Amino acid sequence: MNASLNKNDTTVTQVKLLINGEWVDSKTREWLEVVNPASQEVLAKVPLATPEEVKAAIDSAERAFHSWKKTPIGARMRIMLKLQALIREHSKRIAAVLSAEQGKTLADAEGDIFRGLEVVEHACSIGSLQMGEFAENVAGGVDTYTLRQPIGVCAGITPFNFPAMIPLWMFPMAIVTGNTFVLKPSEQDPLSTMMLVELGLEAGIPAGVLNVVHGAKEVVDALCTHPDIKAISFVGSTHVGTHVYNLGSQHGKRVQSMMGAKNHAVVLPDANREHTLNALVGAGFGAAGQRCMATSVVVLVGEARTWLPDIKELALKLRVNAGSEPGTDIGPVISKRARQRILDLIDSGVHQGAKLELDGRDIKVPGYENGNFIGPTLFSGVTTEMDIYTQEIFGPVLVVLEVRTLDDAIALVNANPFGNGVGLFTQSGAAARKFQSEIDVGQVGINIPIPVPVPAFSFTGSRGSKLGDLGPYGKQVVQFYTQTKTVTSRWFDDSTVNDGVNTTITLK
Ligand code: NAD
């Protein structure tokens, strides 16, 4: 399983494009390196596809759409059944590649694949998910029903932090609903994504139905402006997601843009202490804080302020090492650039007056001295004007604020620019009920630190975390990838009474 790579004629593996069912060597002169963030080994080179190659991928998807949209729903579903079996079979091998290119631990890499696999399993229910509605006798002898038809060529643009889960949020649901797809994986870690695409072909996705182009801004902009692309699914930062949403919308496309985050965990003094502390530290520092649903802010309410030393003590026990090493809790961050940005933000926190309780800036990992590591970093005394509070840090940095009441905590969370995930830790049902009703955040966890919904529901978000009204997976994504057509019909038999010319708009 390495058709998407070319090892023959170069010392460094080159990642291929997938156009019309063929693995294509890009003709571009611009290549980026895919680097192991722990060891700095160059794992592969990824092309920035040329405009002609992007166009060829879209043309191939457009041609394939005409036959694929007519493929029986059961045939499409059976491909997804095969795909889920293949992903299970190859999960460990994909996880090893994912961990090497992204940096996360092997267990977390398997989790990344598993959460995507659940969406493929969900795609296997398409027979009922894509059903229309039917109302008999809406007027005498008249029936109305709806068809949910595919819309055409769709595109997906994915981030580096979940190179398995997020591509699997997109292409299986787009394809199983009868569309064709052009995927643009993250240029920072495309290797595991490509393994999943290979499995898609092995499962029976026909030529042209799934295409892959690699690249960065130019390629994304080409997808957002091409007239044959009907819908764009984007996941990534708020800055880029807003650009993609605006550009795609200006060019008449449906766009769902899932973006950045600053996820608060609100802790009431009656919370279960041990479970809560474990949840805060696991969700704050796991995956090196590079999850869109990572807990990045802890809000201690009232007497819960006394819990700060416990958070610190637990965070100190976390082991920082390469994701491939046994026992690792925190792997490296994705790139030297990302590391520097995180270090700059930590410096800003110090300069702006927050108290650095734990400082992960100078950590050294034996055997991986050049790795992009940052140790668990904890700030207390944080205020809402500080950059470490207003900006998404996307690293193993947890900031702690204190407020007096639950109302203060709700007001604080609702005033933050992001609205991706939030958690409340309490034993009070009344407090939980008030919180879930008044909080303006897409994913709410009650004593759950990373409340990513399972695929029967839809991922969502509010304010700076999401643009577009329909989210990935669940029922919403079926709506996103289909056009509803309403048919109103009447059939006459010989006994139907002729009711003459009707000049009103009323159906009888
Ligand atoms: P990113 O925005 O830098 O990149 C995302 C995609 O956009 C990549 O494929 C990249 O090639 C492309 N891109 C980058 N710069 C671009 C530009 N100027 N114009 C057009 N396209 C461009 O995001 P990332 O660093 O890969 O991922 C981390 C971000 O993703 C975080 O902000 C995280 O919160 C967010 N994220 C959100 C969710 C969610 O569901 N809300 C899930 C995962 C990650």
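None of the values given here were measured: they were computed from a predicted structure.

## Re the layout of surface pockets
And then number 1: Taken as a whole, the largest pocket holds about 1400 Å³ of empty space.
And then number 2: In this structure, the largest pocket is lined by 45 residues; those nearest its centre are Phe 160, Gln 188, Ser 237, Val 240 and Arg 337.
And then number 3: Contributing elements (two or more residues each) for the lining of the largest pocket: β5 (31-35), α7 (217-225), β12 (229-235), α8 (238-250) and α11 (336-351).
And then number 4: Looking at which element gives the most residues to the lining of the largest pocket, the answer is α11, with five residues.
And then number 5: Tallied by class, residues from the lining of the largest pocket come to 21 nonpolar, 15 polar and nine charged.
And then number 6: Both of domain 1 (59-259 + 465-486) and domain 2 (263-446) provide at least three residues apiece to the lining of the largest pocket.

## A word on the packing of helix α3 (residues 106-123) against helix α5 (residues 165-176)
And then number 1: Closest axis-to-axis distance for the α3/α5 pair is 8 Å, and the angle between their directions is 10 degrees. What the angle tells us is that α3 and α5 run roughly parallel. α3 and α5 meet at a crossing whose hand is right-handed. For the pair formed by α3 and α5, the contact residues are Asp 112, Ile 113, Arg 115, Gly 116, Leu 117, Val 119, Val 120, His 122 and Ala 123 on the first element and Met 165, Leu 168, Trp 169, Pro 172, Met 173 and Val 176 on the second.

## A closer look at the site of the ligand
And then number 1: In the vicinity of the ligand, 28 residues are found, and the nearest of them are Thr 158, Lys 184, Glu 187, Ser 237 and Glu 392.
And then number 2: For the ligand, an oxygen atom lies 2.7 Å from a polar atom in the backbone of Thr 158.
And then number 3: Contact between the ligand and Glu 187: an oxygen atom at 2.6 Å from a side-chain N or O atom of the residue.
And then number 4: Contact with the protein chains removes 88% of the 840 Å² of surface that the ligand exposes when unbound.
And then number 5: Of all elements in the fold, only α5, α7, β12 and α8 reach the threshold of two or more residues within the shell around the ligand.
And then number 6: Of the residues belonging to the shell around the ligand, the class tally is 15 nonpolar, nine polar and four charged.
And then number 7: When residues are assigned to domains, the shell around the ligand turns out to be shared by domain 1 (59-259 + 465-486) and domain 2 (263-446), each giving three or more.

## A short note on the domain arrangement of the chain
By a frequent convention, interface size equals the accessible area lost on bringing the separate parts together.
And then number 1: Here the domain parsing of the chain yields domain 1 (59-259 + 465-486) and domain 2 (263-446).
And then number 2: A straight line from the C-alpha centre of domain 1 to that of domain 2 covers 31 Å.
And then number 3: For the pairing of domain 1 and domain 2, the buried interface totals around 1300 Å² over both sides, and the portion due to carbon and sulfur atoms is 55%.
And then number 4: Of all residues in domain 1, Thr 105, Phe 160 and Ser 465 give up the largest surface area on contact with domain 2, accounting jointly for 34% of the area buried on that side.

## Here we look at the pairing of strand β10 (residues 180-184)
And then number 1: Burial of β10 is extensive: five of the five residues sit out of reach of the surface.
And then number 2: Every second residue of β10 is oriented toward a common face, with Thr 180, Val 182 and Lys 184 on one face and Phe 181 and Leu 183 on the other, all of them buried.
And then number 3: Bridge count for β10 against strand β11 (residues 210-212) is three bridges, and the pairing is parallel. Residue pairing in the sheet places Leu 183 in a bridge with Val 212 of β11.
And then number 4: On the question of chirality, the crossover connecting β10 to the parallel β11 by way of helix α6 (residues 191-203) is right-handed.

## Some words on the sheet that holds strand β24 (residues 482-490)
And then number 1: Within the open sheet, the three strands sit side by side as β7-β8-β24. Their pairing is antiparallel. The strands lining the two open edges of the sheet, one partner per strand, are β7 (134-139) and β24. Each neighbouring strand pair of the sheet contributes to a mean axis angle of 30 degrees, computed without reference to strand direction.
And then number 2: Strand direction decides the pairing type here: β7 and strand β8 (residues 142-150), joined by three bridges, are antiparallel. Residue pairing for β8: Ala 135 is matched across the bridge by Thr 144.

Rules used in this analysis
- Once a new chain begins, its residue numbering starts again from 1 and follows that chain's sequence as written.
- Only residues with pLDDT of at least 70 are given local features in this predicted model, and only at 80 or more are side-chain atom pairs given and counted; all residues enter the totals for whole chains, interfaces and linings.
- Just so you know, side-chain values use all the structure's heavy atoms and leave hydrogens and water out.
- Using only the protein atoms, space was sampled on a 1 Å grid; points where a 1.4 Å probe fits but cannot get out form cavities, open sets with protein on both sides within 12 Å along at least five of seven lines form pockets, and lining residues are those with an atom within 4 Å of a point.
- Grid points are joined across faces, edges and corners, and a volume is the space filled by probe spheres set on the points.
- Runs of E in the DSSP output that reach at least two residues are strands. Runs of H or I that reach at least four are helices, and both are numbered from the N terminus.
- Charged means Asp, Glu, Lys or Arg here, nonpolar means Ala, Val, Leu, Ile, Met, Phe, Trp, Tyr, Cys or Pro, and polar covers whatever is left, Gly included.
- Where each domain starts and ends follows an automatic or database-derived domain assignment.
- Inter-axis angles, ranging from 0 to 180 degrees, are taken between N-to-C directions of lines fitted to C-alpha atoms, where helices are fitted over the stretch in contact.
- For classification, angles of less than 35 degrees are called roughly parallel, those exceeding 145 degrees roughly antiparallel, those between 65 and 115 degrees roughly perpendicular, and all remaining angles oblique.
- For any pair of crossing helices, the crossing counts as left-handed if the nearer helix is rotated counterclockwise from the farther one by less than a right angle, and right-handed if it is rotated clockwise.
- Should any heavy atoms of two residues lie within 4.5 Å, those residues are counted as being in contact.
- Being near a molecule or strand, for a residue, means having at least one of its heavy atoms within 4 Å of it.
- Polar contact criterion, stated in full: a pair of N or O atoms within 3.5 Å, where within protein one must be able to donate a hydrogen and the other to accept it, and residues adjacent in sequence count only if both atoms are side-chain atoms.
- For the accessible areas, the method is Shrake-Rupley and the probe is 1.4 Å, while residue cover comes only from the protein chains on display.
- Throughout, the accessible surface (probe 1.4 Å) given up by two parts as they are put together, summed over both, is called the buried area.
- Working definition: with a 1.4 Å probe on protein chains only, accessible area under 20% of the residue-type maximum means buried, over 50% means exposed, and in between means partly exposed.
- DSSP-based pairing: two strands are paired if at least 2 bridges between them are found.
- Crossover handedness is defined here as right-handed if the route from the first strand over the helix to the second strand goes clockwise, with the strands pointing away from the viewer.

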